[in-house]
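Chain by chain, the residues run as shown.
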Amino acid sequence: MSKLFPNKKIIAVLPAYNAEKTLEQTLKDIPEGWVDEIILVDDASQDKTTELARRLGLRVFTHPKNLGYGG
């Protein structure tokens, strides 16, 4: 459970598109203990965003084609 809300499970959902270069820093910017799980939703990136996210231990969902903002 998160340090801020010990009775709640906090899940952060990160939408991503070609975020390979910024993903690690984004994760480092999330204060330790604030979330219990991070889910990355990849919008059919052309780079290695999904591979990196999986290597970093994130749960990953990938759109088969780019759906754009709001997709």
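Throughout this description, residue numbers start from 1 for each chain and increase along the sequence as written. Totals for whole chains, interfaces and linings use all residues, but because this is a predicted model, local features are given only for residues with pLDDT of at least 70 and pairs of side-chain atoms are given and counted only at 80 or more. Calculation of side-chain values draws on the structure's entire complement of heavy atoms; hydrogens and water are dropped beforehand.

Novice: Just to check I follow, could you spell out the environment of Asp47 for this structure?
Specialist: Only DSSP runs of H or I covering at least 4 residues are called helices, and only runs of E covering at least 2 are called strands; the numbering of each starts at the N terminus. Within the secondary structure layout, Asp47 lies in the loop between β2 (37-42) and α2 (49-55). For Asp47, a relative accessible area of 24% gives the class partly exposed. Taking C-alpha positions, Asp47 is 7.7 Å from Ala19, a pair spaced 28 residues apart along the chain. Here a residue-residue contact requires only that any non-hydrogen atoms of the pair lie within 4.5 Å. Among all residues touching Asp47, those that are not within four sequence positions of it are Asn18, Ala19 and Glu20. Burial classes follow relative accessibility: with a 1.4 Å probe on protein chains only, a residue under 20% of its type's maximum area counts as buried, one over 50% as exposed, and anything between as partly exposed.

Novice: In this structure, what is going on with the pairing of strand β3 (residues 59-62)? I would like to understand it.
Specialist: Looking along a regular strand, one sees side chains alternate from face to face of the sheet. Alignment of β2 against β3, held across four bridges, turns out to be parallel. Considered in β3, the bridge of Asp42 is made with Thr62. Whether a crossover is right-handed depends on one test, that the path from the first strand over the helix to the second runs clockwise when the strands point away from the viewer. The β-α-β motif built from β2, the intervening α2 and the parallel element β3 has right-handed crossover chirality. We treat two strands as partners when DSSP finds at least two bridges between them.

Novice: It is not clear to me how the layout of surface pockets should be interpreted in this structure. Could you clarify?
Specialist: The gaps left among the atoms become clear once a water-sized probe is rolled over them. A pocket, in this scheme, is an open set of points on a 1 Å grid over the protein atoms alone with protein on both sides within 12 Å along at least 5 of 7 lines, while a cavity is a set where a 1.4 Å probe fits but cannot get out; residues line either one if an atom lies within 4 Å of a point. Grid points are joined across faces, edges and corners, and a volume is the space filled by probe spheres set on the points. By volume, the largest pocket is sized at about 220 Å³. Looking at the largest pocket, the residues that line it are Pro15, Ala16, Tyr17, Val41, Asp42, Asp43, His63, Asn66, Gly68, Tyr69 and Gly71. Those elements that place two or more of their residues in the lining of the largest pocket are β1 (11-16) and β2. Amino acid classes used here: Ala, Val, Leu, Ile, Met, Phe, Trp, Tyr, Cys and Pro are nonpolar; Asp, Glu, Lys and Arg are charged; the rest, including Gly, are polar. Each residue belonging to the lining of the largest pocket can be placed in one class, and the counts come to five nonpolar, four polar and two charged.

Novice: How should I be thinking about the sheet that holds β3 in this particular structure?
Specialist: In a beta sheet, neighbouring strands pair by backbone hydrogen bonds and run either parallel or antiparallel. In space, the three strands of this open sheet follow the order β1-β2-β3, with parallel pairing throughout. Strands at the two margins of the open sheet, each flanked by one partner only, are β1 and β3. Here the strands of the sheet are splayed against their neighbours by 20° on average, with no regard to which way each runs. Pairing of β1 with β2 involves six bridges; the strand directions are parallel. Residue pairing across strands places Val13 opposite Ile39, the latter belonging to β2. Axes, fitted as lines to C-alpha atoms, cover a helix only where it is in contact. Angles between the N-to-C directions of the axes lie from 0 to 180 degrees.

Novice: Just checking my understanding: could you explain the pattern of salt bridges for this structure?
Specialist: Any two side chains of opposite charge can pair, on the condition that their charged atoms come close. Basic side-chain nitrogens of Lys or Arg form a salt bridge, by our definition, when they fall within 4 Å of a carboxyl oxygen of Asp or Glu. By the definition in use, this model includes two salt bridges. The partner of Glu37 in a salt bridge is Lys9, with the nearest N and O atoms 3.6 Å apart. With Glu37 in strand β2 and Lys9 in the segment before β1, this residue pair connects regions lying 28 residues apart in the sequence. Using a relative accessible area of 52% as the deciding quantity, one classes Lys9 as exposed. Two residues, Glu37 and Arg59, come together in a salt bridge whose shortest N-O distance is 3.6 Å. Of this pair, Glu37 sits in strand β2 while Arg59 sits in strand β3, placing them 22 residues apart in sequence. Among the residues examined, Arg59 registers a relative accessible area of 45% and is labelled partly exposed.

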